[in-house]
Amino acid sequence: MPRTQENSTEWSVGGPSIKDVVNFSEKNIATGEKGGRGQFGSSVASYFLFLRWMYGVNMVLFILTFSLIMLPEEARGAAGLPRKPCSLCGEREQGRICSPRSVKLCTQYLWGLPYGSLPRKTVPRAEEASAANFGVLYDFNGLAQYSVLFYGYYNNKRTIGWMNFRLPLSYFLVGIMCIGYSFLVVLRAMTKNIGDDGGGDDNTFNFSWKVFTSWDYLIGNPETADNKFNSIAMNFREAIIEERAAQVEENIHLIRFLRFLANFFVFLTLGGSGYLIFWAVKRSQEFAQQDPDTLGWWEKNEMNMVMSLLGMFCPTLFDLFAELEDYHPLIALKWLLGRIFALLLGNLYVFILALMDEINNKIEEEKLVKANITLWEANMIKAYNASLSGNSTGPPYFVHPADVPRGPCWETMVGQEFVRLTVSDVLTTYVTILIGDFLRACFVRFCNYCWCWDLEYGYPSYTEFDISGNVLALIFNQGMIWMGSFFAPSLPGINILRLHTSMYFQCWAVMCCNVPEARVFKASRSNNFYLGMLLLILFLSTMPVLYMIVSLPPSFDCGPFSGKNRMFEVIGETLEQDFPSWMAKILRQLSNPGLVIAVVLVMALTIYYLNATAKGQKAANLDLKKKMKQQALENKLRNKKMAAARAAAAAGGH
């Protein structure tokens, strides 16, 4: 839609696939990145490079969860139910009455049991009528809730199928492995960037580098070229203004007051957004106790929409508050990004704290449900025994899994909330692009001919492509994936679909509806500012998950850790039953808290020593560089003197 007519030609240039890319999906993303680069230069392309990198990280996480958790639970070697009962049909599962059809099919299947074989794998009888409705599935209830998408579906048997696959152990180790891999890949990218940056003084020949290396030769749009020219000129103006501003006395008291006022408004906005989210979560808990048929669309999606709308409008308020502070443009941009990051992270943590209240309520509810189930089992056994005459024996009593009472599964509830948040955020982003970018571009494009002023260069003009805001949205969404993937193994796969569709949709918006951003802030992996934010949100996202794993008891009748006091007890169970006693004893000694604390202290001291050594080597490199410069100047002066002496000797000879 922008004014130039080169969009179609630029898109066709970016269309062909990149050579030497094996993965088809990465090839498509690289294609979009080339199109954006040819249209807007490397600044916009850096966002798509960052998106492709995030796509690769999520692909590894999805491969781990799909191959080691979802596939073993769902893969079956035989279809249907066996014709005659298993010889172990009399065994009970967790104290409840079992049947040949509902429990003892382990030897008939490759790995996991099918849908309908266990209560945790079956929709309750009261929900069967609406289990396949679109509204129910869109809310990830019904058939979606009782599937491999969520934690509660998985079996708690130590080994499943005739292959004796250890599903609970695999589930726990894959969850820890995903967290460890994420830390490893982010830290590796940051250290690689530090190594690429190298040492030395960045201010050496600063203006010369700006003059001769500032141009972006990948720009293929005249409008982008004009913006780049203005950006380079602005850099020189800023440098000159900074020199002059250092010599000008300002009203420092007024500046401090305005900055205090701006930060006061920022804190009010952050506090108000946190209160709104807490209030929305409490209302959603009240709505959950009501009949879903009596609730409207807004009541069902209120909490997700509140979080999405706050993330959309609060950054605009922060941008207005920044006008009061009168910071340097780059400093103001970093403050803005930091405030947006604090907003998103604060909203996420308020959401988690509100969820913790709901989790505690469900844990208390489980105690009552467990007692009721015990009473129900006793009554069923009593009625069954009364139906037998004398000493006669009958077939095992059959209770369909859909009719078995069950307790609330707080792990599935947490996974559902994060899946809903992810889907809601995606839909909000796409609707915003369609309405805020596409319709606005259509209005500017076609109404400019009959309007009173120039809509393209005046108000409202075309929407700028917000590089920093889009990257922060990627980081925030990835934090939700890390936080919720332990309770919803399907989240990395959903995020891959989101990233894949987002690449095409946003690339189309960039080529058709957007103009380059006036302020350039590169967002590729070579910028450790964004990677530092990604590392911080990774750390803060995994803390609640680790707390839940260590401190909260798992639900008693759903998920792979049901029947245990804590989720991590699966490690001790494996050590006792699968390892020799001497090896289990050694591993227990290695996990002693005193030894762990000592190892952590040694690691901290080692990191401090290596950091100090690196700083010393960097300082030594700077000193050596200064000496080399001084030596070069001395050699230059010596050569000049020798040349002058030769010239004087030649003149005297004549």
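For every chain, the first residue of the written sequence is number 1, and numbering continues from 1 onward in sequence order. Per-residue local features are limited, in this predicted model, to residues with pLDDT of at least 70; the limit for side-chain atom pairs, both in listing and counting, is 80 or more; totals at the level of whole chains, interfaces and linings are taken over all residues. Remark: hydrogens and water are excluded; side-chain values derive from all non-hydrogen atoms of the structure.

S.K.: Would you mind going over the overall build of the chain with me for this structure?
M.R.: Secondary structure counts use DSSP, requiring at least four H or I residues in a row for a helix and at least two E residues in a row for a strand, with both numbered from the N terminus. Assigned secondary structure in the chain consists of 17 helices and two strands. Only protein chains enter the calculation, and the probe is 1.4 Å; a residue is then buried if its accessible area is under 20% of its type maximum, exposed if over 50%, and partly exposed in between. With 654 residues in all, the chain has 43% of them scored as buried. Contacts were defined at the residue level, with two residues in contact if any of their heavy atoms lie within 4.5 Å. At a minimum sequence separation of 6, the contacts of the chain that also span at least 24 residues come to 77%. Of the roughly 35,300 Å² that the chain leaves accessible, carbon and sulfur atoms contribute 64%. To be clear on the numbers: accessible area is Shrake-Rupley with a 1.4 Å probe, and residue cover counts the displayed protein chains and nothing else.

S.K.: I tried to follow the UniProt feature "transmembrane region" (unreviewed entry) in the chain on my own but got confused; where do I start?
M.R.: UniProt positions are given in the numbering used here, feature names are shortened, and annotations may be inferred rather than shown by experiment. Here the UniProt feature "transmembrane region" (unreviewed entry) sits at residues 53-71, 167-187, 260-281, 336-356, 529-550 and 590-610. The span residues 529-550 is 100% helical and 0% strand by assignment, and the distance between its end C-alpha atoms comes to 32 Å.

S.K.: Would you mind showing me how to read the packing of aromatic side chains here?
M.R.: The geometry of an aromatic ring pair is captured by two quantities: the separation of the ring centres and the angle between the planes. Geometry of aromatic contacts follows a simple scheme: Phe, Tyr and Trp rings, the Trp one being its six-membered ring, pair when their centres are within 6.5 Å, and the pair is stacked under 30 degrees between planes, edge-to-face over 60, tilted otherwise. For the structure shown, the criterion picks out 22 aromatic pairs. Between the aromatic rings of F140 and F150, the centroid separation amounts to 6.3 Å while the plane-to-plane angle is 80°, which identifies the pairing as edge-to-face. Pair noted here: F140 is in the loop between α4 (134-138) and α5 (167-197) and F150 is in the loop between α4 and α5, with a separation of ten residues, a long-range link. There is no split in this pair, since F140 and F150 are both buried.

S.K.: I'm lost on unusual backbone geometry in this one. Help?
M.R.: Glycine aside, negative phi is the norm for most residues, and most peptide bonds take the trans geometry. Non-glycine residue F140 carries a positive phi angle of around 60°. Among the residues examined, F140 registers a relative accessible area of 13% and is labelled buried.

S.K.: Where do I start with helix α14 (residues 528-551) in this structure?
M.R.: Within an α-helix, residues lying three or four positions from one another point in the same direction, as the helix has 3.6 residues per turn. In this model α14 runs 34 Å from its N-terminal to its C-terminal C-alpha over 24 residues, within 8% of the 34 Å that 1.5 Å per residue would give. Y530, L531, M533, L534, I537, L538, S541, T542, P544, V545, M548 and I549 are the residues of α14 that are buried. A helix is expected to span 1.5 Å multiplied by its residue count minus one.

S.K.: Looking at this model, I keep getting lost on the state of the cysteines. Mind explaining?
M.R.: Put plainly, a disulfide is one covalent bond tying together the sulfur atoms of two cysteines. Any two cysteine sulfur atoms lying within 2.5 Å of each other are counted as a disulfide. Taken as a whole and assessed by the stated rule, the structure comprises one disulfide. Here C409 pairs with C558 through a disulfide, and the sulfurs are 2.0 Å apart. An S-S torsion of about 90° defines the bridge between C409 and C558 as right-handed. In this pair, C409 sits in the loop between α10 (329-387) and α11 (410-447) while C558 sits in the loop between α14 and α15 (569-578), placing the two residues 149 residues apart along the sequence. Residue classification places C558 among the buried positions, given a relative accessible area of 5%. Just so you know, C442 is unpaired, no disulfide at all, and the nearest cysteine sulfur is the one on C513, 7.0 Å from it.

S.K.: Would you mind going over the pattern of salt bridges with me for this structure?
M.R.: Any two side chains of opposite charge can pair if their charged atoms end up close together. Counted as salt bridges are all cases of a side-chain nitrogen of Lys or Arg within 4 Å of a carboxyl oxygen of Asp or Glu. Per the stated rule, a full pass over the model turns up eight salt bridges. Here R420 makes a salt bridge to D139, at a shortest N to O gap of 3.3 Å. Of this pair, R420 sits in helix α11 while D139 sits in the loop between α4 and α5, placing them 281 residues apart in sequence. For the pair shown, R420 and D139 are each scored as buried. The residue K564 makes a salt bridge to E573 at a minimum N-O spacing of 4.0 Å. For K564, a relative accessible area of 13% translates into the label buried. Counted as one network, the salt bridges with shared partners bring together R125, E128 and D403.

S.K.: I tried to follow the nonpolar core on my own but got confused; where do I start?
M.R.: Within soluble globular proteins, side chains that are nonpolar generally end up buried alongside one another. To define a nonpolar core, start from buried Ala, Val, Leu, Ile, Met, Phe, Trp, Tyr and Cys residues and group those joined through side-chain atoms within 4.5 Å. Ranked by internal contacts, the top residues of the largest apolar core, which has 102 residues, are W53, F351 and L534. Among the elements that line this core, the one with the most residues is α10, at 16 residues. Apart from the residues lying within four places of it in its own chain, the contact partners of L534 are F50, W53, M54, V186, I475, Q478 and W482.

S.K.: Please explain the packing of α11 against helix α12 (residues 467-484) as it appears in this structure.
M.R.: Packed helices, taken two at a time, are described by their axes: the angle between them and the distance between them. Axis definition: a line fitted to C-alpha atoms, limited for helices to the stretch in contact. Angles are taken between N-to-C directions and run from 0 to 180 degrees. Packing of α11 against α12 leaves a shortest axis separation of 10 Å and a crossing angle of 160°. It follows from the interaxial angle that α11 and α12 lie roughly antiparallel. Two packed elements cross with a definite hand, and for α11 against α12 that hand is left-handed. The segment α11 lies against α12, with F418, L421, T422 and D425 engaging N477, M480, I481, M483 and G484. Three categories are distinguished: nonpolar for Ala, Val, Leu, Ile, Met, Phe, Trp, Tyr, Cys and Pro, charged for Asp, Glu, Lys and Arg, and polar for the others, with Gly belonging to the last. Residue classes in the contact of α11 with α12 are distributed as five nonpolar, three polar and one charged. The cut-offs work like this: below 35 degrees is roughly parallel, past 145 is roughly antiparallel, 65 to 115 is roughly perpendicular, and the gaps in between are oblique. Crossings are assigned a handedness: left-handed for a near helix turned anticlockwise from the far helix by less than a right angle, right-handed for a clockwise turn.

S.K.: In this structure, what is going on with a nonpolar patch on the surface? I would like to understand it.
M.R.: In this scheme, patches are assembled from residues that exceed 30% relative accessible area and form no salt bridge. Like charges are connected within 9 Å, while nonpolar side chains (Val, Leu, Ile, Met, Phe, Trp, Tyr) are connected within 5 Å. Together, F579, W582, I586, L587, L590, L595, V599 and M603 give the surface a local cluster of nonpolar side chains, amounting to about 740 Å² of exposed area. Secondary structure elements with two or more residues in the nonpolar patch: α16 (581-590) and α17 (593-653). Top element by residues in the nonpolar patch is α16. It accounts for four residues. Along the chain, the position of I586 falls in helix α16. Here I586 falls in the partly exposed class, since its relative accessible area comes to 46%.

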